[in-house]
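Structure at a glance
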Amino acid sequence: MTIDKETVDKIAHLARLELSAGETDEMIKDMSKILDFMAKLNEIDTSGVEPLVYMTDEVNVLREDVVNQQITHEEALLNAPKHDDDYFLVAKVIEK
């Protein structure tokens, strides 16, 4: 596939980019280099190579879920800018 001005203009339009003439020329060069590199990668025989899914052999390494600190209901309300005896008070965001 060759990259021409029309292709770059179409991609720029889809990406909502405005390119000057100089930027369009640079983009043509850059995209051509990318496609040339991809063509070289396609020449490599990878038939015996397993797909890489994970970078390590570890399976589901999770930490223990331990409660480290507990605060009371009253202590939590002390951190709120506005509150009543039981609840946090927040600005209304839904209109009826």
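Before any of the text, the structure's been laid out above.
First, a word on scope: everything that follows refers to the structure included in this document. (Residues numbered from 1 in each chain as written. Predicted model: local features only at pLDDT ≥ 70, side-chain atom pairs only at ≥ 80, totals over all residues. Heavy atoms only, no water.)

**Looking at the packing of helix 1 (residues 5-14) against helix 2 (residues 21-43)**
- Axis separation between helix 1 and helix 2 bottoms out at 10 Å; the angle between their running directions is 100°. Regarding the angle of helix 1 to helix 2, the classification is roughly perpendicular. Listed contacts from helix 2 to Lys5, Val8, Asp9 and Ile11 of helix 1 are Thr24, Met27, Ile28 and Met31.
- The residue makeup of the contact of helix 1 with helix 2, split by class, is 5 nonpolar, 1 polar and 2 charged. (Axes fitted to C-alpha atoms, helices over the stretch in contact; angles between N-to-C directions. Helix = DSSP H or I, 4+ residues; strand = E, 2+ residues; numbered from the N terminus. Parallel < 35°, antiparallel > 145°, perpendicular 65-115°, else oblique. Contact = heavy atoms within 4.5 Å. Nonpolar A, V, L, I, M, F, W, Y, C, P; charged D, E, K, R; others polar.)

**A short note on a nonpolar patch on the surface**
- A cluster of nonpolar side chains, namely Ile34, Phe37, Met38, Leu41 and Ile44, defines an oily patch on the protein surface of about 480 Å² accessible area.
- Counting through the fold element by element, Phe37 comes out in helix 2. (Patch = residues over 30% accessible without salt bridge, like charges linked within 9 Å, V, L, I, M, F, W, Y side chains within 5 Å. Areas by Shrake-Rupley, 256 points an atom, 1.4 Å probe, with all protein chains shown as cover. Salt bridge = Lys/Arg side-chain N within 4 Å of Asp/Glu carboxyl O.)

**Considerations on helix 2**
- Over its 23 residues, helix 2 extends 33 Å from the first C-alpha to the last, a length consistent with the 33 Å expected when each residue adds 1.5 Å.
- Those residues of helix 2 lying buried are Thr24, Ile28 and Met31.
- Elements in contact with the buried residues of helix 2: helix 1. (Expected span 1.5 Å × (residues − 1). Buried < 20%, exposed > 50% of the residue type's maximum accessible area, 1.4 Å probe, protein only.)

**What about the pattern of salt bridges?**
- Within the structure shown, the criterion is met by 2 salt bridges.
- Among the ionic pairs, Asp9 bridges to Lys5, the shortest N-O distance being 2.7 Å. Here Asp9 and its partner Lys5 are both found in helix 1, 4 residues apart, which amounts to about one turn of the helix.
- Taking relative accessible area as the criterion, Asp9 reaches 31% and is therefore assigned partly exposed.
- The salt bridge partner of Glu26 is Lys29, with a shortest N-O separation of 3.8 Å. Taken as a pair, Glu26 and Lys29 lie in helix 2 at a separation of 3 residues, close to a single helical turn.

**A closer look at helix 1**
- What helix 1 keeps buried is the set Thr7, Val8 and Ala12. Seen along its axis, helix 1 keeps its buried residues to an arc of 130°; they face one direction. What points out from helix 1, more than 90 degrees from its buried face, is the exposed set Glu6, Lys10, His13 and Leu14.
- Elements in contact with the buried residues of helix 1: helix 2. (Arc of directions from axis to C-beta.)

**Some thoughts on unusual backbone geometry**
- Not every positive phi belongs to a glycine, and Arg16 is a case in point at roughly 55°.
- Position of Arg16 among the secondary structure elements: in the loop between helix 1 and helix 2.

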